Amino acid sequence: MSHDNSKPLMRFLLLFSRQGKLRLQKWFTPMSDREKKKIIRDMTTMVLARQPRSCNFLHWKDLKIIYKRYASLYFCLAIESQENELLALEVIHRYVELLDKYFGNVCELDIIFNFEKAYFILDEFLMGGEIQETSKQVVNRCIESSDMLQETMEEYMSKPAF
Amino acid sequence: MSPSVPLQEMIRAIRSARTQCEERGVIQRECAAIRAQFRQVDNGARSHNLAKLLYVHMLGYPAHFGQMECVRMIASPRYSEKRVGYLGAMMLLDEKQDASLLITNSIKNDLSHSNQYVQSLALCTLACMGSAEMCRDLAPEIDRLLRASNSYIKKKAALCAVHIVRKVQDLGELFAPAARSLLSEKNHGVLHGAVVLITELCERNPETLERFRKTVPDLVQIMKGLVISGYSPEHDVAGISDPFLQVRILRLLRILGRNNEAASDAMNDLLAQVATNTDSTKTVGNAVLYETVLTVLDIKSESGLRVLAVNILGRFLLNNDRNIRYIAMTSLQRIVGTDHNAVQRHRGTIVDCLKDQDASVKRRALELSLALVSASNIRSMMKELLLFLSSCPPELRAQAASGIFYAAERYAPSQRWHIDTILHVLTTAGGDVRDETVPNLIQLITNASELHCYTVHKLYRALLNDISQQSLVQVACWCIGEYGDLLLRGECQETEPAQVTEDDVLDALETVLQSHMSSPATRGFALTATMKLSTRILDNVDRIRSIVSIYGSCIDVELQQRAVEYNALFRKYDHMRAAVLERMPVIEKNSPGHTNGESAGEPMKEIQPPKVKQGEPLLPQQPANQVCDLLGLLGGSEEPLQPSPAPGLSLNTASTAGGDLLDLLGGLEPTPPAPAPTVTVYEKDGVTLTLSCEKQSDSVLTVTLTASNSTDSDMSSFTLQAAVPKSVQLHMKAPSGDFLPARGAAKVTQMVVLNNPNKVNLKMRIRVSYTSQGSAFQDTVQIDSFPGLSAAGH
């Protein structure tokens, strides 16, 4: 088995609505804007075309695409072809749980109006295309602390909260 | 300039735009405001503005004017601004942008910040978009953090180091010692990061891998702790303790155990333990089991463990969750070569998955089933595969059909079974088979001589049933044309006898000819078959003549040409008809020059299987072991190509390129003057034949034959026919005439174009025939060497 090891476990993560509107994009390898746009088009087309009771794995180029729908949002994670698809499903699920804990019964609107928070949470969970923290509680605590830091600083500087 | 609205108001405004145009308008206004704000001195709302820009960017609008703002924000002392600034950097800057270098200094400073959340921002950004240069610059800093910081920072530093190693391979050495010591940490995040880092180092450098093999016992210990020890609420997922870490460790073990007996032994027990103890009722447990299986199959595990692993996959196949079934199949596919017998044990389950609802699972099941076909299970497997073919999704039919053909060819228990199988496929999925199926099947049929009767009966019945499947119809027509006499005889051992009259058969063929469903190629088959029957039936020859003459005015040029030539065969060459349309001999497999439809000037070629280069000899006395091809009958039972166009037609029209219907010989060019050297190849009874040749290209040779008559009487109907070895393609141009006046008053020239792509020994046999003083003469000469060519004929 050959290993091209210059690539992380995950290549990209996309969140989009049932109408194909992008709600979050995280790219774990450098890519041009044009490539990114093309990938977004391809992913939304492919995933939205899937039958409801199909399996959650797709092949696309040299990658495996793991996708799962949560309410009105599709989570689409691309992993290298030798990686564990079942674990990728768990990664998606973990992220949803983290969002849910933070926002309290998270829905698409939360992610739209607080997109930067969604990114901050993601950046405590994943990093450089790999899993960073495996404990839900640790991630949640860190986000809360960071928020607190921000608010405190804001209060101190008597500027409106973000 | 209108003041910028806070982020959420802007989002609301954008979302309430009813059209794309309106949205663009809102965004343009906002971006203008943002730009203006960027130009101002610190106004306290900088993070709002950048956040707005990032939102707009996510909608797909250009935002590069924000790059410098990101750089400024990152350098700000305020945490809220840094946070958005770094986020912006990760979204707008990548290593290809020049501006990314500008943040290197800020990152360096923030890596040593007193607040760990600021450090975290820097680490995260570096791991996300750090260029090789930045990585080189900051590597020592990262190494420091790997050794001396809290767990929160250590785990981030570890992943940062991973990124650095990916960008700058040599720096791997720098991090190896720290990575090693991190394995003794208790914090799961740090452990996970350490395992990822070690994995990366080992995969890049074989020497590093050697050194890290010593950590196998430590890794085994950690795993044991996770698998056996009590409930740990912080890392528990559905009863599995930190599945993410477990999978990562299993992956590292795989790399360390590969190709190494000692390491594989050291992990054997652990793997068995994980495989048996992991709860497989939820996906997360199956994720761990899956990784375990992958590891077991990749290292030098003992056979018992391997069987255990394959059995896990077998259990996966029965799982309700189609994701699990799918990955079981992909894994089995990977090992079907190496662990064939183990996979065979699960053949039943795999075959059942052919009926799965999910298209991906079906596809996998098909691939795996085809890989599991063997001589011992061919009959039962084929039943399942044919059943699958009749109901499978359209996108899988071509693959299924060709897989079935391949399996049938390799393992057919009998010729009859083989033919039946192919016919079955053609009946169910005739539209999805490849082009070479038709000639392949014909070749198979000719080889099964004792089954000709059976085959033609079966095909005839299939034809009566359905004439829409072109491949099937083509083969059926060919067989009826070839073995029609057997069909009419009525008796057949292998199948029920049927009373088939000559009219019945001709009706069937005519139906094909007239049907709008028949493709032009199919109609060609039908017409030729009809013609062939003229020598196999007794009573209805006139009916055939009339069919043939009707198609003489068909709009389709190909059919018209054939019909006219067949007409000519009736009218002027009736004495040759029987021989021309004789039964074909067995076609040999894999003859050189077997191509599909390729022809060099042989217009009839697509009717016949392209492999038919040998055919029946023209005259019975021709010995069967001739080196050469048919004398003048390339393409089999068609009209001989070489004789000049029917006399009576002006030879001038015969030489117009492509225009004349009776131009059997493809594109004509005026015969070029024969270039030197010239060699006399035949001299007898006053007829002299000389030959000269000219190389046109690497494989193409033009041969010019010149005949003259030195006797005192004229010769008429002078024709030359030529035959060459199998792989050589022959194309005879129209002769200059067929009348050789006495005493060499004029000559007849004939040009022959030869294409010898396989560079075989070039030989040519020429038959000379003419009428002189009321008697017909015929003679043959073989030419073994051509002037101007080496002995090898190149």
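Predicted model only: the values in this text are computed from it and were never measured. (Residues numbered from 1 in each chain as written. Chains lettered and ligands numbered in written order. Predicted model: local features only at pLDDT ≥ 70, side-chain atom pairs only at ≥ 80, totals over all residues. Heavy atoms only, no water.)

**Q** Help me out: how do you make sense of helix 17 (residues 303-317) of chain B in this one?
**A** One turn of an α-helix holds 3.6 residues; hence residues three or four places apart share an orientation. Residues and elements named next belong to chain B. Taking 1.5 Å of rise per residue, 15 residues should cover 21 Å, and helix 17 covers 21 Å from first to last C-alpha, within 8% of that figure. Leu-305, Arg-306, Ala-309, Val-310, Ile-312, Leu-313, Gly-314, Phe-316 and Leu-317 are the residues of helix 17 that are buried. Packing partners of the buried residues in helix 17 comprise helix 15 (261-277), helix 16 (283-298), helix 18 (322-335), helix 19 (340-344) and helix 20 (347-352). (Helix = DSSP H or I, 4+ residues; strand = E, 2+ residues; numbered from the N terminus. Expected span 1.5 Å × (residues − 1). Buried < 20%, exposed > 50% of the residue type's maximum accessible area, 1.4 Å probe, protein only. Contact = heavy atoms within 4.5 Å.)

**Q** In this structure, what is going on with the pattern of salt bridges? I would like to understand it.
**A** Opposite charge on two side chains permits them to pair, given that their charged atoms come into close proximity. In total, this model carries 52 salt bridges over all chains according to the counting rule given. For Asp218(B), the salt bridge identified is with Arg180(B), shortest N-O distance 3.3 Å. Of this pair, Asp218(B) sits in helix 13 (residues 216-228) while Arg180(B) sits in helix 10 (residues 172-182); the two residues are 38 residues apart in sequence, bridging distant segments of the chain. Its relative accessible area of 34% is what places Arg180(B) among the partly exposed residues. Put simply, Glu130(A), Arg166(B), Glu200(B), Arg204(B) and Arg248(B) are held in one network by salt bridges that share partners. (Salt bridge = Lys/Arg side-chain N within 4 Å of Asp/Glu carboxyl O.)

**Q** Mind showing me how you'd approach the sheet that holds strand 4 (residues 687-695) of chain B here?
**A** Note: strands within a sheet are paired through backbone hydrogen bonds, in either parallel or antiparallel orientation. Residue and element names in this part refer to chain B. Spatially, the 5 strands line up as an open sheet ordered 3-4-5-8-7, and their pairing is antiparallel. At either end of the open sheet lies a strand with only one pairing partner, and these are strand 3 (678-684) and strand 7 (729-732). Neighbouring strand axes in the sheet, compared pairwise and without regard to direction, differ in orientation by 25° on average. (Pairing = 2+ DSSP bridges. Axes fitted to C-alpha atoms, helices over the stretch in contact; angles between N-to-C directions.)

**Q** Can you help me understand the packing of helix 24 (residues 415-429) of chain B against helix 25 (residues 437-447) of chain B in this one?
**A** The description of two packed helices rests on the angle between their axes and on the distance between the axes. Residues and elements named next belong to chain B. Contact pair helix 24 / helix 25: the axes reach a minimum separation of 10 Å and the direction vectors enclose 155°. Overall, the two elements helix 24 and helix 25 adopt an arrangement that is roughly antiparallel. The interaxial crossing formed by helix 24 with helix 25 has left-handed handedness. Between helix 24, through Gln-415, His-418, Ile-419, Ile-422, Leu-423 and Leu-426, and helix 25, the contact on the second element is made entirely by Thr-437, Leu-441, Leu-444, Ile-445 and Asn-447. (Parallel < 35°, antiparallel > 145°, perpendicular 65-115°, else oblique. Left-handed = near helix turned anticlockwise from the far one by under 90°.)

**Q** So what exactly am I meant to see when it comes to the packing of aromatic side chains here?
**A** Two aromatic rings, taken as a pair, are described by how far apart their centres are and by the angle between their planes. As enumerated under the stated definition, the model contains 13 aromatic pairs over all chains in all. Following the ring pairs from residue to residue traces out a cluster consisting of Tyr70(A), Phe75(A) and Tyr95(A). The residue whose ring lies beneath Arg83(B) is Phe120(A), and the NZ or CZ to ring-centre distance is 4.0 Å. (Phe/Tyr/Trp six-rings, centres within 6.5 Å; stacked < 30°, edge-to-face > 60°. Lys NZ or Arg CZ within 6 Å of the ring centre and 35° of its normal.)

**Q** Can you walk me through the domain arrangement of chain B in this structure?
**A** One widely used convention gives an interface's size as the accessible area the parts lose upon coming together. Assigned domains of chain B: these are domain 1 (449-581) and domain 2 (678-783). Here the C-alpha centroids of domain 1 of chain B and domain 2 of chain B sit 35 Å apart. (Domains from an automatic or database assignment.)

**Q** Any chance you could explain the pairing of strand 10 (residues 775-783) of chain B here in plain terms?
**A** Residues and elements named next belong to chain B. When strand 9 (residues 764-772) meets strand 10, the two strands line up antiparallel, connected through 9 bridges. Bridged to Arg-765 within strand 10 is Gln-782. Linking strand 9 back to strand 10 in an antiparallel pair, the connection comprises 2 residues, with Gln-773 at a positive phi of about 55°.

**Q** For this particular structure, what's the right way to read the nonpolar core?
**A** Here is a general trend for soluble globular proteins: nonpolar side chains tend to be buried in one another's company. Counting residues in each nonpolar core, the largest one holds 284 residues, and the members touching the most others are Tyr95(A), Ile142(B) and Phe175(B). Apart from residues no more than four positions distant in its own chain, Phe175(B) is found in contact with Ala139(B), Ile142(B), Asp143(B), Leu146(B), Ala161(B), Ile164(B), Val165(B), Leu197(B) and Leu201(B). Counting 30 residues, the second largest nonpolar core, distinct from the first, contains Val681(B), Met715(B), Phe718(B) and Tyr770(B). (Core = buried A, V, L, I, M, F, W, Y, C linked by side-chain atoms within 4.5 Å.)

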